[in-house]
Amino acid sequence: VRLGQGVDATGQFAPDALARTRAALADYTALLERHRVEKVRMVATSAARDVANRDEFFAMTAAVLGTVIPGAAAEVISGSAEAELSFRGAVGELDRAGAPFVVVDLGGGSTEIVLGESAVQASYSADIGCVRLTERCLHSDPPTPEEVAEVRRVVRERLEPALRAVPVKGARTWVGLAGTMT
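Since this is a predicted model, take the numbers as computed values, not measurements. (Residues numbered from 1 in each chain as written. Predicted model: local features only at pLDDT ≥ 70, side-chain atom pairs only at ≥ 80, totals over all residues. Heavy atoms only, no water.)

1. Focus on the layout of surface pockets
And then number 1: Looking at the largest pocket, its volume works out to about 1,000 Å³.
And then number 2: Lining the largest pocket are 39 residues; nearest its centre among them are Val-1, Leu-3, Val-43, Ala-44 and Thr-45.
And then number 3: Breaking the lining of the largest pocket down by element, the ones donating at least two residues are α1 (7–10), α2 (15–34), β1 (42–44), α3 (46–50), α4 (54–66), α5 (79–91), β3 (101–106) and α6 (130–137).
And then number 4: The element contributing the most residues to the lining of the largest pocket is α2, with 5 residues.
And then number 5: Taken together, the residues that form the lining of the largest pocket break down as 22 nonpolar, 11 polar and 6 charged. (1 Å grid on protein atoms, 1.4 Å probe; cavity = no way out; pocket = protein on both sides within 12 Å on 5 of 7 lines; lining within 4 Å. Points joined across faces, edges and corners; volume = space filled by probe spheres on them. Helix = DSSP H or I, 4+ residues; strand = E, 2+ residues; numbered from the N terminus. Nonpolar A, V, L, I, M, F, W, Y, C, P; charged D, E, K, R; others polar.)

This is the structure:
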């Protein structure tokens, strides 16, 4: 839904992004009703950690989810919690013979890099994602060589501490997550 649209520049959720999120959430609540779900957890990540108008987002999620499960609303999670959930979801059913695993969750506002076998051994949440990079650096279509060089510089700068914190060299299997990967 590109919830992080414009967040890097404005520090707020864009009205269009909130509308897209509401529409997607309404579709999900229809599924929750159809399958008689009794409990739900909705987590919000990088964009919701950074915005000034997050109360608007949380009120909307409570209103939409509350139609099916009273009291349900989104919750903000930390980068390390996001890394943990990404890792568990990505490797939970993989053959352990492929371990250790590196999971890279490339989101719109952040990128989590996680190393582990059956549990997380090291993780890092970098404040860089595809939406944030596009809005910050890529202003032409197609991007100019200078814009591409700037993206590469920013990526190197932001991922350098991640690769110091997460020893990826010993990994046997890399797993990429999120829509950007697909």
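2. Brief notes about the environment of Arg-164
And then number 1: Mapped onto the fold, Arg-164 is located in helix α7 (residues 145–165).
And then number 2: Considered as a pair, Arg-164 and Thr-67 are 97 residues apart in the sequence and their alpha carbons are 45 Å apart.
And then number 3: Only 2.9 Å separates the side chain of Arg-164 from the side chain of Glu-160, close enough to count as a polar contact. (Polar contact = N/O pair within 3.5 Å; in protein donor to acceptor, adjacent residues only side chain to side chain.)

3. A short note on the packing of α6 against α7
Two measures define how a pair of helices packs: the angle their axes make with one another and the distance between the axes.
And then number 1: The contact between α6 and α7 brings their axes to 10 Å, and the two run at 135 degrees. By the angle between their directions, the pair α6 and α7 is classed as oblique. Crossing hand, α6 versus α7: right-handed. Contacts between α6 and α7 pair Leu-133, Arg-136 and Cys-137 from the former with Glu-147, Glu-150, Val-151, Val-154, Val-155 and Arg-158 from the latter.
And then number 2: Partitioning the contact of α6 with α7 into residue classes produces 5 nonpolar, no polar and 4 charged. (Axes fitted to C-alpha atoms, helices over the stretch in contact; angles between N-to-C directions. Parallel < 35°, antiparallel > 145°, perpendicular 65-115°, else oblique. Left-handed = near helix turned anticlockwise from the far one by under 90°. Contact = heavy atoms within 4.5 Å.)

4. Observations regarding the side chain of Glu-112
And then number 1: Looking at the element boundaries, Glu-112 is found in strand β4 (residues 111–116).
And then number 2: A polar atom in the side chain of Glu-112 sits 2.9 Å from the side chain of Ser-110.
And then number 3: Here the side chain of Glu-112 touches Ser-125 through a polar contact of 2.6 Å, side chain to side chain.
And then number 4: Once you skip the residues sitting within four places of it in the chain, Glu-112 turns out to touch Arg-49, Gly-79, Glu-82, Ala-83, Val-103, Val-104, Asp-105, Tyr-124 and Ser-125.

5. Describing the packing of aromatic side chains
And then number 1: In total, this model carries 2 aromatic pairs according to the counting rule given.
And then number 2: Geometrically, the ring pair formed by Phe-13 and Phe-57 is tilted, given 5.3 Å between the ring centres and 45 degrees between the ring planes. Of the two residues, Phe-13 sits in the loop between α1 and α2 while Phe-57 sits in helix α4, which places them 44 residues apart along the sequence.
And then number 3: Residue classification places Phe-57 among the buried positions, given a relative accessible area of 2%.
And then number 4: Ring centres of Phe-57 and Phe-58 lie 5.0 Å apart, and the angle between their planes is 75 degrees; on these two criteria the pair is classed as edge-to-face. Take Phe-57 and Phe-58: they sit in the same class, and that class is buried.
And then number 5: Taken together, Phe-13, Phe-57 and Phe-58 form an aromatic cluster joined through their ring pairs. (Phe/Tyr/Trp six-rings, centres within 6.5 Å; stacked < 30°, edge-to-face > 60°. Buried < 20%, exposed > 50% of the residue type's maximum accessible area, 1.4 Å probe, protein only.)

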